[in-house]
Amino acid sequence: MRIIAKKTLRTFWEQFRYRDVEQPLKAWLKVASTADWASPAAVRADYGNASILANNRVCFNIGGNKYRLVVKINYPYRVVYIRFGSYILMPPSRTHGTHESDPQEPIFPGYPP
């Protein structure tokens, strides 16, 4: 898979308060980069706890469910987009209902700067 916006993840884990998510995100990047996800079922084969959402979005539990990463996947072209207007990687308490209702809504107002 081709990952779009890796820098967004790097920028996030370089913040002092999110340093604990660096290694789990690097592990996710390694798996996602070498994966060949042709369908949601292929994603679930690699990540059984991934939530398949509407509009080709997938929610991954990162760092033992301490964080969630929501991405959009273009299955025919094998591309994973980390975007949706603002960065969507946050503690699960912030995602409950938020990524389902409006993925374009900023989760961290003003982030990225």
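Everything discussed here concerns the structure shown above.
Rules behind the numbers
- Residues numbered from 1 in each chain as written.
- Predicted model: local features only at pLDDT ≥ 70, side-chain atom pairs only at ≥ 80, totals over all residues.
- Heavy atoms only, no water.
- Helix = DSSP H or I, 4+ residues; strand = E, 2+ residues; numbered from the N terminus.
- Contact = heavy atoms within 4.5 Å.
- Polar contact = N/O pair within 3.5 Å; in protein donor to acceptor, adjacent residues only side chain to side chain.
- Phe/Tyr/Trp six-rings, centres within 6.5 Å; stacked < 30°, edge-to-face > 60°.
- Buried < 20%, exposed > 50% of the residue type's maximum accessible area, 1.4 Å probe, protein only.
- Pairing = 2+ DSSP bridges.

**Here's the deal with the environment of Arg19**
Looking at where Arg19 falls in the secondary structure, it is placed in the loop between α1 (6-13) and α2 (22-34). For Arg19, the contacting residues outside a window of four places in its chain are Trp13 and Glu14. Here Glu14 takes part through its backbone oxygen, which lies 3.2 Å from a polar atom of the side chain of Arg19.

**Considerations on the packing of aromatic side chains**
Tallied over the full model, the rule gives five aromatic pairs. Their ring planes at 25° and their centres at 5.8 Å tell us that Trp37 and Phe60 sit as a pair that is stacked. Pair noted here: Trp37 is in the loop between α2 and α3 (40-46) and Phe60 is in strand β3 (residues 57-62), with a separation of 23 residues, a long-range link. As far as the burial class goes, Trp37 and Phe60 line up, both buried. Take Phe60: its relative accessible area is 1%, and that puts it in the buried class. Within the aromatic cluster, the residues linked to one another by ring pairs are Trp28, Trp37, Tyr47 and Phe60.

**With respect to the pairing of β3**
In terms of residue burial, β3 counts as a mostly covered element, since five of its six residues are buried. As paired elements, strand β2 (residues 51-52) and β3 share two bridges and run antiparallel to each other. Residue pairing for β3: Ser51 is matched across the bridge by Cys59. Here β2 folds back onto β3, and the loop between the two strands holds four residues, one of which, Asn55, carries a positive phi near 60°. With six bridges joining them, β3 and strand β4 (residues 67-74) adopt antiparallel strand pairing. Paired with Ile62 across the bridge in β4 is Tyr67.

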